[in-house]
Amino acid sequence: GGIENGEIFLNGGRQSLKDNILTIRKESVSNLPSSIKREKAFADGETYLESTPFIQSDHPEIQAKGREIVSTDDPAFVKAKKLVAWVHRNIQKRPVLSVPNALETLQNRVGDCNEHAVLLAALARALDIPAQVEAGLVYQKGRFYYHAWNVLYLGAWITADSVMGQLPADVTHIRFVRGTERQIDLVRRIGRVRLEILAAQ
């Protein structure tokens, strides 16, 4: 409760919302294809491979690091798993006072969830894996907190959290928005959200 219908992106993908009850199911990765069928990934008219001012997937340093982390013959899921593990292990987890920027995160090796998410998106896109940033809430230490993570197209959209080293991310990740430009929308909504966990398995 506490959020008007249509304000945020609760319904879609692994999340389904009906009668104010949100169900989140962890994605299965057992039947993913070894290569990505690009026409399916791009059916909505977006490629999610473009370089942006803060997700610099075409920068030589990002490209080189991606090629260093994975093998060219790795299946898409294996590439994604290696990228998530590398970012998890190599980026120090602490806040920085700047706009999240993939290249600076790679160079400085420090950042919070936002820096982790833009860097993973840039590395994935550099390797032709469509990637987006998602944000919402995650459950940790008995409470829900603001958090950002990724969704990667690996034959299906699969959540990935490089802060926690998860692919797919666990079901305590509640997506409110998708896209870095939408995260500002969360500021005025986070404090209004009311949650009650009905069941978990």
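The following paragraphs examine the structure supplied in this document. Bear in mind the structure is a predicted one, so any value in this text is a computation, not a measurement. For every chain, the first residue of the written sequence is number 1, and numbering continues from 1 onward in sequence order. Given that the model is predicted, a residue must reach a pLDDT of at least 70 before its local features are reported, and side-chain atom pairs must reach 80 or more before they are shown or counted; all residues, however, enter totals for whole chains, interfaces and linings. The side-chain numbers reported here are obtained from all heavy atoms of the structure, hydrogens and water having been left aside.

A word on the packing of aromatic side chains. Geometry of aromatic contacts follows a simple scheme: Phe, Tyr and Trp rings, the Trp one being its six-membered ring, pair when their centres are within 6.5 Å, and the pair is stacked under 30 degrees between planes, edge-to-face over 60, tilted otherwise. This structure, assessed with the given rule, holds three aromatic pairs. Relative to Trp157, the ring of Tyr153 has its centre 5.3 Å away and its plane inclined at 70°; by these criteria the two rings are edge-to-face. On the basis of relative accessible area, Tyr153 is assigned to the buried category, the value being 6%. Through a chain of ring-to-ring contacts, three or more aromatic side chains come together here, namely Tyr48, Tyr153 and Trp157. Throughout this description, the term charge over a ring refers to an Arg CZ or Lys NZ atom that lies within 6 Å of the ring centre and within 35 degrees of the ring normal. Above the ring of Phe9, the side-chain terminus of Arg175 is found at 3.8 Å from the ring centroid. In this arrangement the basic side chain of Arg178 is found over the ring face of Trp157, its NZ or CZ atom lying 5.9 Å from the centre. Each residue's exposure class comes from its accessible area (1.4 Å probe, protein chains only) as a fraction of the maximum for that residue type: buried when under 20%, exposed when over 50%, partly exposed otherwise.

A few words on the pairing of strand β2 (residues 21–24). Any two strands with at least two DSSP-identified bridges between them are counted as paired. Going along the chain from the N terminus, every DSSP run of H or I of four or more residues is numbered as a helix, and every run of E of two or more is numbered as a strand. Sheet analysis places strand β1 (residues 15–18) next to β2, joined by four bridges and oriented antiparallel. Bridged to Ser16 within β2 is Thr23. In this structure, the hairpin formed by β1 and β2 is closed by a connection of two residues, where Asp19 is found at a positive phi of approximately 55°.

Next up on the list: the nonpolar core. In these notes, a set of buried Ala, Val, Leu, Ile, Met, Phe, Trp, Tyr and Cys residues joined through side-chain atoms within 4.5 Å is what counts as a nonpolar core. One finds Ile62, Leu119, Leu154 and Phe176 to be the most contacted residues of the largest nonpolar core, which totals 49 residues. Looking at this core, the elements that each hand over two or more residues are α2 (60–69), α3 (76–90), α4 (102–108), α5 (113–126), β5 (131–140), β6 (143–153), β7 (157–160) and β8 (174–178). For this core, the element with the most residues is α5, which contributes 10 residues.

One side-chain nitrogen of Lys or Arg within 4 Å of one carboxyl oxygen of Asp or Glu is enough to make a salt bridge. With the rule as written, the count across this model stands at five salt bridges. Arg14 serves as the salt-bridge partner of Glu27, at 3.4 Å between the closest nitrogen and oxygen. Residue Glu27 is located in the loop between β2 and α1 (38–41), and its partner Arg14 is located in the segment before β1; the two are separated by 13 residues in the primary sequence. Across the pair Lys65 and Glu68 runs a salt bridge, and its minimum N-O distance is 2.9 Å. Here Lys65 and its partner Glu68 are both found in helix α2, three residues apart, which amounts to about one turn of the helix. The exposure class of Lys65 is buried, given its relative accessible area of 12%. Residue classification places Glu68 among the exposed residues on the basis of a relative accessible area of 57%. Where salt bridges share partners, they join Glu134, Arg175 and Arg178 into one cluster.

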